[in-house]
Amino acid sequence: MKAITIEKFGTADTLTYTNMNRPTPENNEALIEVHATGINPVDYKIRNGDLEEVFPTQFPKVLGGDISGVITEIGSDVSKFKVGDEVFLSAPLDQNGGYAEYTVVHEKYLAHKPNEISHIDAASLPVTGLTAVQTLRDFSGIKKGDNVLIHAGAGGVGSFAIQYASHLGAKVFTTGSAKRYDYLKKLGADVVIDYNKADFVEIAKEHGGMDIVLESVGGDNYLRSLEATKAGGKVPSITHPPGEKEVKLAKSKGIKTDFFLLEGIPSDLDEIAGLIKQGIVKTNVSKVFTFDQIKDAHNQIESGRTQGKIVLKVK
Ligand SMILES: NC(=O)c1ccc[n+]([C@@H]2O[C@H](COP(=O)([O-])OP(=O)(O)OC[C@H]3O[C@@H](n4cnc5c(N)ncnc54)[C@H](OP(=O)(O)O)[C@@H]3O)[C@@H](O)[C@H]2O)c1
């Protein structure tokens, strides 16, 4: 089968086209013909070697956790899915993923793809949707009337999180550059903060502080997100764990904060599929790359300037 692999850590130039043997599913696994795979910042971070401690890599490595495709073979113990089912999933990142014509995955990660959308759109959802739902609902207990600040609202996670928080009745604040204003308002943001001109901490304070901040920028932004948060608020960080300063400030204000890593839970994917079916959340694929454009796709996601999601069309 055709695949894109890395044989060592490095720049986008390490991504190599190759032929590999098609994997065979174990008893609890399904073989999936990959139609599309979402490109995420975690892909280039694994490619660089930056996440080696979190997701140990075996070479040759096939990247790609966001997958949409069709089951073509199942192991003897697979009970909830059959050959021909269209599925979407967030695959575990220490295994081979979706930058290939086929991949195998344990049944416990699979969910039925919503019929209403294409594989391209479905592949844009798992990582961003699961992150948004699990940080806002599970970590933060979001509720109607909460002041919620979604950083990097125009990015993959932000584009889903704004729609989700708005649907749940939160007052949604978001950070983005000026050119994203219309896009962010259309997603449902109530207050758009141009991070190049305005201080989000000041604006948060003018509104009595945030109940929840989805911290997705990292560095100094983490401490400042805690400054923007009310006593007793919640600050899930999806880029890195809190340092000493963050822990101290969070403790003094009674803020719940920690690094949060998404889990590929199928019932959450079913919930995401439901939000799509009801038209509550819309997908936002800004560019589709063909299989031979993988380096361009990696350079785009690594720029940190992607609007919505980018997806690699595999079939
Ligand atoms: N822990 C987890 O489970 C988990 C899950 C998913 C993602 N993540 C991490 O979360 C981060 C965001 O992921 P993503 O997929 O949303 O990334 P992304 O799609 O690449 O985000 C790009 C967006 O970020 C905006 N941005 C850049 N710098 C900003 C700043 N200082 N303030 C506000 N907005 C800014 C850009 O808007 P402008 O062009 O307008 O600046 C752009 O639209 C990444 O580091 C990713 O690895 C972690």
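Quick notes on the rules
Residues numbered from 1 in each chain as written. Predicted model: local features only at pLDDT ≥ 70, side-chain atom pairs only at ≥ 80, totals over all residues. Heavy atoms only, no water. Pairing = 2+ DSSP bridges. Helix = DSSP H or I, 4+ residues; strand = E, 2+ residues; numbered from the N terminus. Axes fitted to C-alpha atoms, helices over the stretch in contact; angles between N-to-C directions. Near = heavy atom within 4 Å. Polar contact = N/O pair within 3.5 Å; in protein donor to acceptor, adjacent residues only side chain to side chain. Areas by Shrake-Rupley, 256 points an atom, 1.4 Å probe, with all protein chains shown as cover. Nonpolar A, V, L, I, M, F, W, Y, C, P; charged D, E, K, R; others polar. Domains from an automatic or database assignment. Contact = heavy atoms within 4.5 Å. Buried area = accessible area lost by both parts, 1.4 Å probe. Salt bridge = Lys/Arg side-chain N within 4 Å of Asp/Glu carboxyl O. Phe/Tyr/Trp six-rings, centres within 6.5 Å; stacked < 30°, edge-to-face > 60°. Parallel < 35°, antiparallel > 145°, perpendicular 65-115°, else oblique. Buried < 20%, exposed > 50% of the residue type's maximum accessible area, 1.4 Å probe, protein only. Expected span 1.5 Å × (residues − 1).

Participant: It is not clear to me how the sheet that holds strand 9 (residues 171-176) should be interpreted in this structure. Could you clarify?
Facilitator: Backbone hydrogen bonds hold the strands of a sheet together, and the pairing may be parallel or antiparallel. In space, the 6 strands of this open sheet follow the order 10-9-8-11-12-13, with parallel pairing throughout. Every other strand in the sheet has two partners, leaving strand 10 (191-194) and strand 13 (256-259) as the edge strands with one partner each. The sheet shows a mean angle of 20° between the axes of neighbouring strands, taken without regard to direction. Strand direction decides the pairing type here: strand 8 (residues 147-150) and strand 9, joined by 4 bridges, are parallel.

Participant: Got a minute to help me understand the site of the ligand in this structure?
Facilitator: By nearness alone, 25 residues border the ligand, and Lys45, Ser177, Arg180, Tyr195 and Thr306 come closest of all. A distance of 2.4 Å separates an oxygen atom of the ligand from a polar atom in the side chain of Ser177. One nitrogen or oxygen atom from the main chain of Phe260 is found 2.8 Å from a nitrogen atom belonging to the ligand. Taking 940 Å² as the accessible area of the ligand by itself, protein coverage stands at 87%. Taken together, the elements giving at least two residues each to the shell around the ligand come down to helix 1 (41-48), helix 3 (126-139) and helix 4 (156-167). A breakdown of the residues in the shell around the ligand according to their chemical character gives 13 nonpolar, 9 polar and 3 charged. Counting the residues that make up the shell around the ligand, at least three belong to each of domain 1 (2-125 + 283-313) and domain 2 (128-259).

Participant: I would appreciate a short explanation of the domain arrangement of the protein chain in the present structure.
Facilitator: Buried accessible area, meaning the area lost when the parts come together, often serves as the stated size of an interface. Per the domain assignment, the segments of the protein chain are domain 1 (2-125 + 283-313) and domain 2 (128-259). Across the boundary between the two partners, domain 1 contributes 10 residues, which contact 13 residues of domain 2. Taking both sides of the interface into account, the surface hidden between domain 1 and domain 2 amounts to around 900 Å²; carbon and sulfur atoms contribute 41%. Three residues, Leu125, Asn284 and Gln307, lead the burial of domain 1 against domain 2; their summed loss comes to 51% of the area buried on that side. Inspection of the region where domain 1 meets domain 2 yields 0 salt bridges. Between domain 1 and domain 2 we count 8 residue pairs in polar contact (both at pLDDT 80 or more) in total. Across the side of domain 1 that touches domain 2, the residue classes break down as 1 nonpolar, 7 polar and 2 charged.

Participant: Sorry if this is basic, but what is going on with unusual backbone geometry here?
Facilitator: Glycine aside, a negative phi is what most residues show, and trans is what most peptide bonds show. Looking along the chain, the bond that leaves Phe59 and enters Pro60 is cis, with omega of -5°. By the element assignment, Pro60 lies in the loop between helix 1 and strand 4 (66-74). Not every positive phi belongs to a glycine, and Ala152 is a case in point at roughly 50°. With respect to the helices and strands, the residue Ala152 is situated in the loop between strand 8 and helix 4.

Participant: Please explain the packing of aromatic side chains as it appears in this structure.
Facilitator: The geometry of an aromatic ring pair is captured by the separation of the ring centres together with the interplanar angle, meaning the angle of the planes. Across all of its chains, the model carries 4 aromatic pairs by this definition. Note on Phe139 and Phe260: the rings are 6.2 Å apart at their centroids and 85° apart in plane angle, and the pair reads as edge-to-face. Placement of the pair is Phe139 in helix 3 and Phe260 in the loop between strand 13 and helix 9 (266-277), with a sequence separation of 121 residues. Here Phe160 and Tyr164 contribute two aromatic rings whose centre-to-centre distance is 6.5 Å and whose plane-to-plane angle is 45°, an arrangement assigned as tilted.

Participant: Just to check I follow, could you spell out the packing of helix 7 (residues 220-227) against helix 8 (residues 244-253) for this structure?
Facilitator: Two quantities define a packed helix pair, namely the angle between the helix axes and the distance between the axes. Running from amino to carboxyl end, helix 7 crosses helix 8 at an angle of 5°, the nearest separation of the two axes being 10 Å. Of the possible angle classes, the one that applies to helix 7 and helix 8 is roughly parallel. Between helix 7 and helix 8, the contacting residues are Tyr222, Leu223, Leu226 and Glu227 on the first element and Lys245, Glu246, Leu249, Ala250 and Lys253 on the second. Its residues placed into classes, the contact of helix 7 with helix 8 shows 5 nonpolar, no polar and 4 charged.

Participant: I would appreciate a short explanation of the environment of Lys80 in the present structure.
Facilitator: Along the chain, Lys80 turns up in the loop between strand 4 and strand 5 (86-90). A relative accessible area of 67% means that Lys80 is categorised as exposed. Setting aside residues up to four positions removed in sequence, Lys80 forms contacts with Asp85, Glu107 and His112.

Participant: In this structure, what is going on with helix 9? I would like to understand it.
Facilitator: Three or four residues apart is the spacing at which side chains of an α-helix point the same way, because the helix has 3.6 residues per turn. Compared with an ideal rise of 1.5 Å per residue, which puts 12 residues at 16 Å, helix 9 spans 16 Å between its outermost C-alpha atoms and is within 8% of the ideal. The inward-facing, buried residues of helix 9 contact strand 5, strand 7 (111-112), helix 3 and helix 4. Following helix 9 by one or two positions, Gly279 adopts a phi angle in the positive range, close to 75°.

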